[in-house]
Amino acid sequence: MSAPARPRPTACLALADGSIFYGMGFGATGQTVAELCFNTAMTGYQEIMTDPSYAGQIVTFTFPHIGNVGTNPEDDETGDPVAAGMVVKWMPTTPSSWRNIQPLSDWLAARGRIAIGGIDTRRLTRAIRQQGAPHAALAHDPDGNFDIEALVATARSFAGLEGMDLAKDVTCAQTYRWNEMRWAWPDGYAPQTEAKHKVVAVDYGAKRNILRCLASAGCDVTVLPATATYDDIMAHKPDGVFLSNGPGDPAATGAYAVPMIRDVLDKTDLPVFGICLGHQMLALALGATTVKMSHGHHGANHPVKDYDTGKVEITSMNHGFAVDGQSLPEGVRETHVSLFDGSNCGIRVDGRPVWSVQHHPEASPGPQDSYYLFERFSEAMAARNA
Ligand SMILES: NC(=O)CC[C@H](N)C(=O)O
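Residues numbered from 1 in each chain as written. Predicted model: local features only at pLDDT ≥ 70, side-chain atom pairs only at ≥ 80, totals over all residues. Heavy atoms only, no water.

If you look the protein chain up in an unreviewed UniProt entry, it shows as Carbamoyl phosphate synthase small chain from Sulfitobacter profundi. As stated in UniProt under Subunit (unreviewed entry), the record for the protein chain gives "Composed of two chains; the small (or glutamine) chain promotes the hydrolysis of glutamine to ammonia, which is used by the large (or ammonia) chain to synthesize carbamoyl phosphate. Tetramer of heterodimers (alpha,beta)4." (UniProt positions renumbered as here; feature names shortened; annotations may be inferred.)

Put into structure tokens, the structure is as follows:
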């Protein structure tokens, strides 16, 4: 008896070093090229695919069951998927959740995003860890016709994220107000229903749950495009300035963001709070430097130590660049550190309500341990206005 014929692969992932991974395509057809990373979160694939910070990256999911709860409009972190593509172990099964509106494959197809299933994601993850996030081309063709040499050449032609300002591609076109709150509360917290503090949030690719967390901590949030100047911000008479997460190389976005942040620091005593790319740009504005990491941090179980309290928080992470903790100038203190690799996860300006963190206190997906940072920002604005 002969073995059953294996189905012809309909998708192919080619790395710049020439490694080829064949699998089955789902979502959109066509081809994409990007940096390849891996994310270890066990939940939240829709939030991950729609996190604007993933622009320019294809995400490998190390958790094998992706797609099993389908998709729904509420879980988008922005209007459309921003990650360039996805790589999974098992092909998605029929969605099984009362929240499902659209199966993952249809949701991706409607949004022009390619995915590949049936991949040995353990082997691929090891390759990513060994090589550092590789450049990769991903193709999906239902007829299974692939020009492997051309795909590898495409992967090699990708310029890489270093030097790329991608915030300009994902920021909002217009200023807008945000007042939607979180839907659920971390243990020990309640929503602050009165919007007491006027916050300008600069949008480098903000996740919606960050804006919900700010609103829930008593902030009246106005979101401004990434290129907002000091004058644009001050026209809103804010009580505090928030710098959002976002994709790409912080040094590239810093070219226009740093002068604005320096003006805010030099000319005002406003509380400033930054998350992820916002953290990196605050650090650059203070005179520190950022570096490209080997394969970055992408997951929902990263331990971070808060030096002030001695507590370890389990955090959500998504970054491929990091602030060089050795480069912090005098008067700027390291407040948080990654217990995985000792990399910098937080800074604070001595004696001022100006701080930022590398991890994601809004989670989505991930644990809620760091939610206190939003309350701290709100308290800093209350103290300044007292
Ligand atoms: N989530 C983020 O804001 C990511 C910041 C930056 N693009 C990085 O990769 O490090």
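Still more to cover.
With respect to the UniProt feature "binding site: L-glutamine" (unreviewed entry) in the protein chain
In the numbering used here, UniProt assigns the feature "binding site: L-glutamine" (unreviewed entry) to Ser53, Gly246, Gly248, Leu277, Gln280, Asn318, Gly320 and Phe321. Of the residues just listed, which span 269 residues, no C-alpha pair is farther apart than 13.0 Å, and they cluster in one region. Structurally, the position occupied by leucine 277 is in helix α9 (residues 277–285). The exposure class assigned to leucine 277 is buried, which follows from its relative accessible area of 1%. (Helix = DSSP H or I, 4+ residues; strand = E, 2+ residues; numbered from the N terminus. Buried < 20%, exposed > 50% of the residue type's maximum accessible area, 1.4 Å probe, protein only.)

Quick notes on the site of the ligand
Near the ligand lie 13 residues; those nearest to it are Gly246, Gly248, Cys276, Asn318 and Phe321. Glycine 248 is positioned with one of its backbone polar atoms (N or O) 2.8 Å from a nitrogen atom of the ligand. In the model, a nitrogen atom of the ligand is placed 3.3 Å from a nitrogen or oxygen of the histidine 360 side chain. For the shell around the ligand, the secondary structure elements donating two or more residues are α9 and β14 (312–323). In terms of residues, the shell around the ligand owes the most to one element, β14, which gives 4 residues. (Near = heavy atom within 4 Å. Polar contact = N/O pair within 3.5 Å; in protein donor to acceptor, adjacent residues only side chain to side chain.)

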